[in-house]
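# A structural walkthrough
The lines below spell out each chain.
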Amino acid sequence: MTRSSSQSEQPHLAALPPFQTLLNSTNWGSFDTAFGTGEDLPAALTRLTDPDPVIRESALHDALGPVTHQNSIYEATVPVALYVAAILNHPAITADDDTPGIGTQHRSTLVQLLEWLGDTADDADDECVAAGERLFDGGFLDEYDAMRAFRDARPAIFSAVHPLLAHDKADVRHTALATAIPLIEHPLLTHHQADLADHARRLLATSTDQHHRDRALEALEAWGHDTSGLENASDIAAREHCARLRAPRTSWGGDWTGGGSYSDDPPF
């Protein structure tokens, strides 16, 4: 568990400030990352809005990796997440960048930033907190200030993700939905469930991306919707495969839950 030690003020979370304000007003060196302090983050974050997609690609690793290393939430994760949310509508991010040869199967910077926000929200979702409370016998969030801060920031992040649910490109719309699903666990956002359920049904009617389909089906089921008529053969096969993977874990007696971006079953 990563604990907070910084006494620096966090950015105001009631609304999402302009990205330049976040960049300039944050005392980055006072926040911890996986590899030290965040003093080098401003340079990497600035490169995320460079017109050159190759430079942006490099910046994704430098800016995001240190604040979510090994699926952990660090002090610097919150200001980075707010900055990322604030640049989702930046012209360099919204521009097409289907430039070949940058090693991401031509996924746009916008999609990759949305995926990072969604993965990070998964690592701080209610299931992860519940698992932490069991593991640490209560008081998990009392000791994990960084995760609590990220969870408090979810409404501000969602405010930037929500407009992208109506994006004209399906990959952006569907990735925005996958990102929004864990964010709306926040008590101020649960009223968005009905709207997101409609988006999920539309996704299931058109998308062949199994990850997006799984996310949509899981969300609908969690919200009490009948998904039996929405599954296709691939969905059923994926569900049965997951059930087979979970069976040894259950018999082994482990209690490993949450964190949708984890890919390995324990023991690691």
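In what follows, the structure referred to is the one given above.
This next bit is on the pattern of salt bridges. The final tally for this structure, using the stated rule, is 8 salt bridges. For Glu 185, the salt bridge identified is with Arg 154, shortest N-O distance 4.0 Å. Taken as a pair, Glu 185 in the loop between helix 11 (170–183) and helix 12 (193–206) and Arg 154 in helix 10 (residues 154–161) lie far apart in primary sequence, 31 residues in all. By relative accessible area, Glu 185 is classed as partly exposed at 28%. The salt bridge involving Asp 235 is made with Arg 213; its shortest N-O contact spans 2.7 Å. Note that Asp 235 is positioned in helix 14 (residues 233–252) and Arg 213 in helix 13 (residues 210–222), a separation of 22 residues in sequence. Residue classification places Arg 213 among the buried residues on the basis of a relative accessible area of 2%.

The next point concerns helix 4 (residues 77–86). Where burial is concerned, most of helix 4 is hidden: 10 out of the 10 residues are buried. On its buried side, helix 4 packs onto helix 1 (19–25), helix 2 (41–47), helix 3 (53–64), helix 6 (109–122), helix 9 (145–152) and helix 10.

Remark: the centre distance and the inter-plane angle together describe each pair of aromatic rings, the angle taken between the planes. Enumeration according to the criterion identifies 3 aromatic pairs in this entry. Measuring from centroid to centroid gives 6.0 Å for Phe 19 and Tyr 83, while their planes differ by 80 degrees, and the two rings are edge-to-face. Of this pair, Phe 19 sits in helix 1 while Tyr 83 is found in helix 4, placing the two residues 64 residues apart along the sequence. The partly exposed category is assigned to Phe 19, whose relative accessible area is 22%. Assessed through its relative accessible area of 1%, Tyr 83 is described here as buried. An angle of 90 degrees between the planes, with centres 5.4 Å apart, marks the rings of Phe 140 and Tyr 144 as edge-to-face.

Rules of the game
Residues numbered from 1 in each chain as written. Predicted model: local features only at pLDDT ≥ 70, side-chain atom pairs only at ≥ 80, totals over all residues. Heavy atoms only, no water. Salt bridge = Lys/Arg side-chain N within 4 Å of Asp/Glu carboxyl O. Helix = DSSP H or I, 4+ residues; strand = E, 2+ residues; numbered from the N terminus. Buried < 20%, exposed > 50% of the residue type's maximum accessible area, 1.4 Å probe, protein only. Contact = heavy atoms within 4.5 Å. Phe/Tyr/Trp six-rings, centres within 6.5 Å; stacked < 30°, edge-to-face > 60°.

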